[in-house]
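Below are the chains, spelled out letter by letter.
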Amino acid sequence: MAMTMTQKILAHAAKKDEVKAGELISIPCDVVLGNDITTPVAIDEFEKYGFESVYDKDKICIVCDHFTPNKDIKAAKQSARCRQFASKYDITHFYDVGKMGIEHALLPEQGIVKAGQVIIGADSHTCTYGALGAFSTGVGSTDMCAGMKSGKCWFKVPAAQRFVLHGKLSPHVSGKDVILHIIGMIGVDGALYQSMEFCGEGVASLSMDDRFTIANMGIEAGAKNAIFPVDEQTRRYMREHNAGEYIEFAADEDAPYVESYDIDLSTLKPTVSLPHLPENAREVAALDKIEIQQVVIGSCTNGRISDLEAAAKVFEGRQVHDGVRAIIIPATQEIYLEAMRRGYLETFMLAGCAVSTPTCGPCLGGHMGILAPHERCVATTNRNFVGRMGDTTSEVYLASPETAAASAVAGYITTPDKL
């Protein structure tokens, strides 16, 4: 039977010749991930059931990134819980302040993620790792608990949609614009519990950071996972990050897809998702003048070095508009250091931006950029739900780093070519 890329990974993990959409399977996990919000809940379950050991201390990752550095006593208690658990069970991949980063940028950077793996994470944006040809998906904290103890997880094999990419992106257009366009096209439930599989000659023109961004937001279309084929760019990334041995899988030519879409990358324009759903995608050129009060450039979606590079080019020699707060958040310590070496941090600060240590912070309305009533923010984050970044009357507009930086300079939503 012909299978999709996702089905091949799941069949291999299940030690089966084939799996079909809708089939229930129990398979071993190569990585079990949690953060400072979800891990304490998993620990509570772990202790409630009287577990006294983990299945593999090298395959569990705990990253303190959402409310760190801790914003209040409750956040401090959550992080302390993670530290105690990690120490008790000698968890190899535990990342705290000073070593941590935003989890979905950190794990690939550390070489933990690689092609062909099965990865579960108690965070919905775990689907990011499909950029490297892995099956990765978000789960609940109770599933994380079960994964830490047994090393296994139950899955219903997802059906799949295919996105065939052609051509190359134009200047000022990035992976963020691609995924906002797609979500605008199919809707926030357009791939509900399905695999979003990307293919076509256009994939080669996308950087790894573009692919991470696109895969990261698969969940915003309701997808179980999003995945890219393994090519030379993928292999080079894994070599550069010492990922070690991996297994490549590819979809069969006659694999079954629920839907298939052809997308010409060259036709895409800078895109923004208006409040209060990612599916409210509009080309920036079609918008009226929308004044803003804040810009956030960072998150697990767009806090990588190429994102900071794109933003720095816009800010170079310019100033943040009066009345706008521009917050820059490198996704990991390594990205922060590289941005410092390249002079980006100086560029940001001279332009009037605030630069933060790695944190998820404002993305989920945690800290480092909460919005007041009726304020508007252009953010490179992944969600713009009601109250997502602060007061329920505030508004979040999702955009690429270039569009966000240009908007910070202009004081309203625009693109670099309009400055």
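Procedures and definitions
Residues numbered from 1 in each chain as written. Predicted model: local features only at pLDDT ≥ 70, side-chain atom pairs only at ≥ 80, totals over all residues. Heavy atoms only, no water. Helix = DSSP H or I, 4+ residues; strand = E, 2+ residues; numbered from the N terminus. Rg over C-alpha atoms; globule rule 2.2 N^0.38 Å. Buried < 20%, exposed > 50% of the residue type's maximum accessible area, 1.4 Å probe, protein only. Contact = heavy atoms within 4.5 Å. Areas by Shrake-Rupley, 256 points an atom, 1.4 Å probe, with all protein chains shown as cover. Pairing = 2+ DSSP bridges. Axes fitted to C-alpha atoms, helices over the stretch in contact; angles between N-to-C directions. Phe/Tyr/Trp six-rings, centres within 6.5 Å; stacked < 30°, edge-to-face > 60°. Salt bridge = Lys/Arg side-chain N within 4 Å of Asp/Glu carboxyl O. Parallel < 35°, antiparallel > 145°, perpendicular 65-115°, else oblique. Left-handed = near helix turned anticlockwise from the far one by under 90°. Nonpolar A, V, L, I, M, F, W, Y, C, P; charged D, E, K, R; others polar. Core = buried A, V, L, I, M, F, W, Y, C linked by side-chain atoms within 4.5 Å.

Asks: Any chance you could break down the overall build of the protein for me, citing the residues and the numbers?
Replies: Looking only at helices and strands, one finds 13 helices and 18 strands in the protein. Against the compact-globule benchmark of 22 Å for 419 residues, the protein has a radius of gyration of 20 Å, which places it among compact chains. Taken over the C-alpha atoms alone, the protein extends approximately 60 × 50 × 40 Å along its principal axes. Counting the 419 residues in the protein, one finds 59% classified as buried. Long-range pairs, those at least 24 residues apart, make up 76% of the contacts in the protein with a sequence separation of at least 6. As presented, the protein carries roughly 16100 Å² of accessible surface, and 50% of it is formed by carbon and sulfur atoms.

Asks: Account for the sheet that holds strand β3 (residues 60–63), with residues named and values stated.
Replies: The strands making up a sheet are joined through hydrogen bonds of the backbone, oriented either antiparallel or parallel. A sheet is described by the order of its strands in space; here 5 strands give the open sequence β4-β3-β2-β5-β6, paired in parallel fashion. Of all strands in the sheet, those with a lone pairing partner are β4 (93–95) and β6 (135–138), marking the two edges. Taking the axes of each pair of neighbouring strands and ignoring which way they run, one obtains an average angle of 15° across the sheet. Here strand β2 (residues 31–35) pairs with β3 via 4 bridges, running parallel. Within β3, the position partnered with Leu 33 by the bridge is Cys 61. Helix-sheet contacts for helix α3 (residues 73–88) involve β2, β3 and β4, and the interaxial angle to β4 is about 150°. Packed on one face of the sheet, helix α5 (residues 141–150) meets β2, β3 and β5 (118–121) and runs near 135° to β2.

Asks: Could you give me a rundown of the pairing of strand β15 (residues 325–328), with the residues and numbers involved?
Replies: Taken together, the 4 bridges between strand β14 (residues 294–297) and β15 define a ladder with parallel strand orientation. Each residue of the ladder has a partner; that of Gln 294, found in β15, is Arg 325. By the bridge criterion, 2 bridges tie β15 to strand β16 (residues 354–355) in an arrangement that is parallel. Following the sheet pairing, Ile 327 is matched in β16 by Ala 354.

Asks: Could you give an account of the sheet that holds strand β10 (residues 225–227), naming the residues involved and the relevant values?
Replies: Reading across the sheet, the 4 strands line up as β10-β9-β8-β11 and stay open at both edges, with parallel pairing between neighbours. Of all strands in the sheet, those bounded by a partner on one side alone are β10 and β11 (259–264). In this sheet, neighbouring strand axes are inclined to one another by 20° on average, regardless of whether the strands run parallel or antiparallel.

Asks: I'd like a rundown of the side chain of Thr 4, residues and numbers included.
Replies: With respect to the element layout, Thr 4 can be found in the segment before α1 (5–13). Excluding residues that lie within four positions of it along the chain, Thr 4 makes contacts with Ala 160, Glu 197, Ala 251, Ala 255, Pro 256 and Tyr 257.

Asks: Before we move on, can you summarise the environment of Gly 366 with the specific residues and values?
Replies: If you trace the backbone, Gly 366 turns up in the loop between β16 and β17 (376–379). Overall, Gly 366 belongs to the buried group, its relative accessible area being 9%. Sequence spacing of Gly 366 and Ile 25 is 341 residues, and the spatial spacing of their C-alpha atoms is 36 Å. Once you skip the residues sitting within four places of it in the chain, Gly 366 turns out to touch Phe 67, Lys 71 and Gly 361.

Asks: With reference to specific residues and values, describe α1.
Replies: For α1, the buried fraction is high: 7 of the 9 residues fall into the buried class. Where α1 is concerned, the buried positions are Met 5, Thr 6, Gln 7, Ile 9, Leu 10, Ala 11 and Ala 13. Summarising the contacts, the buried residues of α1 are in contact with β1 (24–28), β5, β6, β9 (194–199) and β10. Just past α1, the residue Lys 15 takes up positive phi, approximately 55°.

Asks: Requested: an account of the packing of aromatic side chains, with residues and values cited.
Replies: Given two aromatic rings, their pairing is described by the distance between the two centres and the angle made by the two planes. Within the structure shown, the criterion is met by 11 aromatic pairs. Between Phe 163 and Tyr 261 the ring centres are 5.2 Å apart and the planes differ by 15°, which places this aromatic pair in the stacked class. Residue Phe 163 is found in strand β8 (residues 159–166), and its partner Tyr 261 is found in strand β11; the two are separated by 98 residues along the sequence. On the basis of relative accessibility, which here comes to 22%, the residue Tyr 261 falls in the partly exposed class. Plain terms: the ring middles of Phe 198 and Phe 228 are 4.7 Å apart, the flat faces sit at 10° to each other, and that makes the pair stacked. Taken as a pair, Phe 198 in strand β9 and Phe 228 in the loop between β10 and α8 (232–240) lie far apart in primary sequence, 30 residues in all.

Asks: Run through the pattern of salt bridges, naming residues and quoting values.
Replies: Following the criterion strictly, the structure yields 19 salt bridges and no others. Here Lys 313 and Glu 309 are joined by a salt bridge, their closest N and O atoms 3.8 Å apart. Taken together, the positions of Lys 313 and Glu 309, both in helix α10 (residues 305–315) and 4 residues apart, correspond to about one turn of that helix. Exposure remark for Glu 309: the relative accessible area of 27% places this residue in the partly exposed category.

Asks: Residues and numbers for the packing of α10 against helix α12 (residues 344–351), please.
Replies: With their axes 9 Å apart at the nearest point, α10 and α12 run at an angle of 45° to one another. Taken together, the axes of α10 and α12 are oblique relative to one another. Remark: the crossing between α10 and α12 carries left-handed chirality. Contacts from Ile 305, Leu 308, Glu 309, Ala 311, Ala 312 and Phe 315 in α10 reach Tyr 344, Thr 347, Phe 348 and Ala 351 in α12. The residue makeup of the contact of α10 with α12, split by class, is 8 nonpolar, 1 polar and 1 charged.

Asks: Run through the nonpolar core, naming residues and quoting values.
Replies: Counting 92 residues, the largest nonpolar core has Phe 85, Leu 107, Ile 182, Met 196 and Phe 198 as the members making the most contacts within it. Residue contributions to this core peak at 6 residues, all from helix α6 (residues 175–186). Counting residues in each nonpolar core, the second largest holds 39 residues, with Val 272, Val 324, Leu 345 and Ala 351 among its members.

Asks: Describe the packing of helix α2 (residues 38–48) against α3, naming the residues involved and giving the relevant values.
Replies: Following both chains from N to C, one finds α2 and α3 inclined at 55°, their axes separated by 9 Å at the closest point. On the basis of their axis angle, the class for α2 and α3 is oblique. Handedness of the crossing formed by α2 with α3: left-handed. Contacts between α2 and α3 involve Thr 39, Pro 40, Ile 43, Asp 44, Phe 46 and Glu 47 on the former and, on the latter, Gln 78, Arg 81, Cys 82 and Phe 85.

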